[in-house]
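Results of the structural survey
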Amino acid sequence: MLTLEELEALTARIAEDSDLARLLGTLRSRSARLLLEMPPVPRVKAFLSRDGGVCPVDGAPLAFDPWSPDRHTCTRCGQGFTSERHHSHWARAQHLWLAERTAELALISVVADDAPAGARAIELLAVYEDLYFALPNRDNVLGPSHLFFSTYLESLWLTSWLGAAFILREAGRLSDERVEGVNRVADEAARIIGDFNEGLSNRQTWHAAALTAIAAWFGDPELARTAVEERTGLLGHLADGFGEDGLWWEGENYHLFALRGVMLGLHWARAAGYHLLEDEEITRHFREALLAPTRSALPDFTYPARRDSRYGVSLAEAPSLELWEVGRGWLGRDAELDSWLGALYALESPTTNPLLYDAWLHDAGRTGRQPHQRDALSWWALTAMGQAPGPAQVVPWRPQSVLLAGQGLAVLRQGNLYASLECGREIGGHGHPDWLHLTLHAGGAHWLPDPGTGSYVEPLLEWYRSSLAHNAPRRGGLNSGGEDAWCEAFESGGDWAWCRARAGNFRRTLVAGPGVLLDVLDIAQEAEGIVDLPWHFLGSMEVISDGAWEPAALESPFVSHPERFIAVADQPIDVRVRHPDSEATLWAVHWIPGGELLRAMAPGLPGTGERKPFWMVVANGRPVRWITALGLAPLAADPTPRLRITADQIEVTSSTGVTRYHLTETSATIERGEARIALSGLRPEPPRHRPIFQPRDHAVEAFAPFVHAPPALDGTMAGFDTGAPLDLDSEHQYRRSEEPYDPETFSARAWVNWDGEALYLAVAVSKPSMIFRPADAPSSELDNEPEDINSDGLQIYLGVDGPPQAVLVTPAESGGLFTRQLGAGDDGQILVHGAWQPTELGYVVTLRLGHQRLAGHHAGARLGFDLLINDMQPGRLRRAGQLVWTGGGGWIYLRGDRHDLSQLGALELR
């Protein structure tokens, strides 16, 4: 994405800047083997599965080696494995790695006048001119793609691959034949990527960057305007995706991914004629986005694993360092950026995460975990990195307590203690139901982590996305009843900071000061039923208070061995936690009137494969206030902390002294010795979030005629009143995958009758071939979605005087029907029986739908109803699409067996 003039200027700068010269040396060393031999090129489409790339012995990821396409080594046990699934998993990273190498070689060939590097880059460009079209755009997981299984990966690949072509063309080193080959790929990629618009999404930032690159390649001003200026383009994502505090709306993990996409897009935009950082307001917001992860960073310089973030990922890894280096190069000298980068480069052995990062594979195959430096970044950094400041110009990094109001995150820092409270609005998708979750990092150890997320293709993902996996309160098993959480108060002054946040029936207050963190959970009087607060301490836990453990009940699919603590006296419960990485003990004193302490086993941190104990405070009734004081003490010390509660005061006695807290509706007052600190910082409640897309004003409607006798239910229309058909045959009713809707090859007509006891449904489906998945078929190990959706069949939704219930019905080749309830309880199942028959045009299914609340309904009653028909096609592993009676169109990707129950149509009994 550099013009000839910029390439010449860069060549001159490299000669004058020792850091750039060393980085160029790194790039040449990294690419040396590619000049000696052609790297292996995958001739297969990348494939996503549960077993591909995973050790069959211990479940650890297999290492990515770009020079070993067939044998893949486990990162834990060291054994090597070979299989088609492992190879197609390897292909994902290899396609991306080759695109990076192609761009790297192209840049080296120009700035170092290296003809062999240019020749190899051109050879790699030529390989994909044919391979891109040879791989099928089919069976994708998230958007159309030739090389991969998701559109965003295609966009990642294209920004590097096209970067190589652009640099070589600018330097006059690309033949007309190669230019024409690149044109073909870029034109097809524009069609595929442009067709799949994901709205405000981290992935869409890469779609916008790729489209901007294509616009720059073709010199297409109209495509450039769309990719840069529109709501789902670069500027729309920069303005709306990165909130008022600069943090990406989906959390830190996706912040870094989206920021990289936007920044590459901004670089490509220059080549398309947009110099966006010349605008003062755009530059200000870009700087806020660049620095936002530094505000919430943990003391060990990892980012908090909130929402769908990965746990324990260092911000000192090269992919992150590069963003700040490029940003500093664009913004010029910036004292805060200099301070932050100085702290990262000073880390001796940064915490790291072994999982591959799709947007950075430059160091694939690197052994050891040496600290990264400026001369170990990528070809993109070489094009944009500025001059480093001298050591005397960099002040030490000193993070402060901060409220990231747009994100809904309050961070309290006091010395080496870091505590955060999570709130914000419901975001869906990558959000977790963990409002008022408490994170605690102190004394160099992570004591109360957010576990983040596990593998997206493993069933265990459900655990990490649950409230129970977090240090967050629940009522009736739910976090906040679906309500947004907001920070009522935040203030930091001197050695003290506090915050208070509310979510549904809960209000949680944190006060951080020297040696002590006070945590107060207030539960509204109307919060009836079971209320609980999990505590997921890292380390070994021990109750110091007198008492004993006995078996208890705790129902959860991931939890085992529950016990409850029977205390000798009705006093605060004293707990000690020892962490293997800390030279201190964490003490915690719980005052839980009306509650009891439970412990159980559950999955540990993602990727460990371990089960770990956690504790939980539980009450059945109306608790008013639970209080916990936490602090650190040396291992050899016996801290003997004490918690004393009166009507207007909380008193904590620890090794650091006596602290008294007075909490009111508007403030927190702390008394310690002669000092008295008053904190307030009240904040108004923000406007309640409203979805961009409102539900339809008028539901889709249909009639169910009355029949005096039940139909035959033999797979024919015998006995049905066919006077009120429901047609499913229009484009707006089809959720598609790669191919658009064709009513000539897939459509349906349905009829619903009733007789006072049940509904009767007949569905005639027209399609040239029927593919039914046997109920006893072995697992395809594709992902964590149910496999019976990848079959011809029906999803039926029915709302009868209560929450809607749903059932999936799949015809069997033997002539019977397989049914599966979709999230219904035992008291609300749809009882199904019937039959199906093949027809000349497709097949007919006839069903009786029984429900305990149907009996007694009369003519004129209106029921919630929807009918979805899955479309499986020959040669596919995943369904091709789905007809939806109530319409809505869109895409089938990632829907599984889920459906928006607020969008059901209305079925009137006649």
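Before any of the text, the structure's been laid out above.
Below you will find a few notes about this structure. Counting of residues starts from 1 at the beginning of each chain's written sequence and follows it residue by residue. Thresholds applied to this predicted model are a pLDDT of at least 70 for local features of residues and 80 or more for the giving and counting of side-chain atom pairs; totals over whole chains, interfaces and linings are not thresholded and use all residues. As a rule here, side-chain values cover all heavy atoms of the structure and leave hydrogens and water aside.

Overview of the sheet that holds strand β12 (residues 516-523)
By definition, two strands form a pair when at least two bridges between them are found by DSSP. Each helix is a run of H or I in the DSSP string that is no shorter than four residues. Each strand is a run of E no shorter than two, and both are numbered from the N terminus. Read across the open sheet, the 8 strands follow the order β9-β10-β11-β12-β21-β18-β17-β14; overall the sheet is antiparallel. Strand pairing shows two members of the sheet lacking a second neighbour, β9 (485-493) and β14 (540-543), which therefore form its edges. Each strand axis lies, on average, 15° off the axis of its neighbour in the sheet, ignoring direction. Across 8 bridges, strand β11 (residues 506-513) lies against β12 in antiparallel orientation. Of the residues in β12, the one forming a bridge with Gly513 is Val516. Lines fitted to C-alpha atoms define the axes, with helix axes restricted to the stretch in contact, and inter-axis angles between N-to-C directions lie between 0 and 180 degrees.

Observations regarding the side chain of His446
Looking at the element boundaries, His446 is found in strand β7 (residues 445-448). Contacts described as polar in this section are N or O atom pairs within 3.5 Å, which, within protein, must combine one atom able to donate a hydrogen with one able to accept it, while residues neighboring in sequence count only if both atoms come from side chains. Separated by 3.2 Å, the side chains of His446 and Tyr311 make a polar contact.

Digging into the pattern of salt bridges
Oppositely charged side chains are able to pair whenever their charged atoms sit close together. Salt bridge criterion: a side-chain nitrogen from Lys or Arg within 4 Å of a carboxyl oxygen from Asp or Glu. On inspection of all chains with the given rule, the structure shows 63 salt bridges. The shortest N-O distance in the salt bridge between Glu336 and Arg287 comes to 3.2 Å. Here Glu336 is found in helix α14 (residues 335-345), whereas its partner Arg287 is found in helix α12 (residues 280-296), with 49 residues between them in sequence. Buried, partly exposed and exposed residues are distinguished by accessible area as a fraction of the type maximum, computed with a 1.4 Å probe on protein chains only: under 20%, between the cut-offs, and over 50%, respectively. Given a relative accessible area of 24%, Arg287 falls into the partly exposed group. With a shortest N-O distance of 2.6 Å, Arg564 and Glu550 are connected by a salt bridge. Placement of Arg564 in strand β16 (residues 560-567) and of Glu550 in strand β15 (residues 547-551) is noted, with a sequence separation of 14 residues between them.

Looking at empty space enclosed by the protein
Definitions used throughout: a 1 Å grid over protein atoms alone; a cavity as a set of points that fits a 1.4 Å probe which cannot get out; a pocket as an open set with protein on both sides within 12 Å along at least five of seven lines; a lining residue as one with an atom within 4 Å of a point. Grid points are joined across faces, edges and corners, and a volume is the space filled by probe spheres set on the points. This model, assessed by the stated rule, comprises 5 cavities of 30 Å³ or more. Each pocket or cavity is described by its volume, and for the largest cavity that value is around 210 Å³. Three classes are used: nonpolar for Ala, Val, Leu, Ile, Met, Phe, Trp, Tyr, Cys and Pro, charged for Asp, Glu, Lys and Arg, and polar for all others, with Gly counted as polar. Considered class by class, the residues forming the lining of the largest cavity number 7 nonpolar, 4 polar and 7 charged. In this structure, the second largest cavity encloses a volume near 150 Å³. Along its surface, the second largest cavity is lined by 16 residues, and Glu100, Ser160, Arg260, Leu264 and Ala359 are the ones closest to its centre. Put simply, the parts of the chain that give the lining of the second largest cavity at least two residues each are α4 (84-111), α6 (151-170), α11 (252-271) and α15 (379-384). For the lining of the second largest cavity, the residue count by class is 8 nonpolar, 4 polar and 4 charged.

Some thoughts on the sheet that holds strand β6 (residues 438-442)
Strands in a sheet are paired, the pairing made by backbone hydrogen bonds, and the direction either parallel or antiparallel. Spatially, 5 strands are ordered β3-β4-β5-β6-β7 in an open sheet, and the strand pairing comes out antiparallel. Of all strands in the sheet, those bounded by a partner on one side alone are β3 (402-404) and β7. When the angles between neighbouring strand axes are averaged without regard to direction, this sheet yields 15°. With 3 bridges joining them, β6 and β7 adopt antiparallel strand pairing. Directly across from His441, in β7, lies its bridge partner His446. Contacts were defined at the residue level, with two residues in contact if any of their heavy atoms lie within 4.5 Å. Running at roughly 55° to strand β4 (residues 409-414), α12 makes contact with β3, β4 and β5 (417-422) of the sheet.

A closer look at the nonpolar core
Soluble globular proteins: nonpolar side chains tend toward being buried together. Among the nonpolar cores identified, the biggest contains 128 residues, and Trp157 and Leu162 are the most heavily contacted of them. At 13 residues, α4 tops the list of elements feeding residues into this core. By convention a nonpolar core is built from buried Ala, Val, Leu, Ile, Met, Phe, Trp, Tyr and Cys residues, the set being connected through side-chain atoms within 4.5 Å. Of all hydrophobic cores here, the second largest spans 48 residues; its members include Ala410, Phe506, Val577 and Leu586.

A short note on helix α5 (residues 115-134)
Since the α-helix advances by 3.6 residues per turn, residues separated by three or four positions end up pointing in the same direction. Take the residue count of a helix, subtract one, and multiply by 1.5 Å to get its expected span. Taking 1.5 Å of rise per residue, the 20 residues of α5 would be expected to cover 28 Å, and the 30 Å separating its terminal C-alpha atoms lies within 8% of that figure. Along its length, α5 reaches its greatest deviation from straightness, about 25°, at Tyr128. Where α5 is buried, its residues contact α3 (32-36), α4, α6 and α7 (176-195). By the N-cap criterion, in which a side-chain oxygen at the helix start approaches the backbone nitrogen of a residue two or three places on, α5 is capped by Asp114, the distance to Ala117 being 3.1 Å. The bend reported for a residue corresponds to the angle between axes fitted to the seven residues ending at that residue and the seven starting there.

With respect to the packing of α7 against helix α8 (residues 202-218)
To characterise two packed helices, one gives the angle between the axes of the helices and the distance between these axes. α8 packs onto α7 with a crossing angle of 145° between their chain directions and a minimal axis gap of 10 Å. In the crossing of α7 with α8, the sense of the turn from one axis to the other is left-handed. Along its contact with α7, which presents Val179, Val182, Asn183, Ala186, Asp187, Ala189, Ala190, Ile193 and Gly194, the element α8 presents His207, Ala210, Leu211, Ile214, Trp217 and Phe218. A breakdown of the residues in the contact of α7 with α8 according to their chemical character gives 11 nonpolar, 3 polar and 1 charged. Crossing handedness follows the turn of the near helix against the far one: under a right angle anticlockwise gives a left-handed crossing, and clockwise gives a right-handed one.

Topic: α7
In this model α7 runs 28 Å from its N-terminal to its C-terminal C-alpha over 20 residues, within 8% of the 28 Å that 1.5 Å per residue would give. Buried within α7 we find Arg178, Val179, Gly181, Val182, Asn183, Val185, Ala186, Glu188, Ala189, Ala190, Ile192 and Ile193. Those residues of α7 hidden inside the fold are in contact with α5, α6 and α8.

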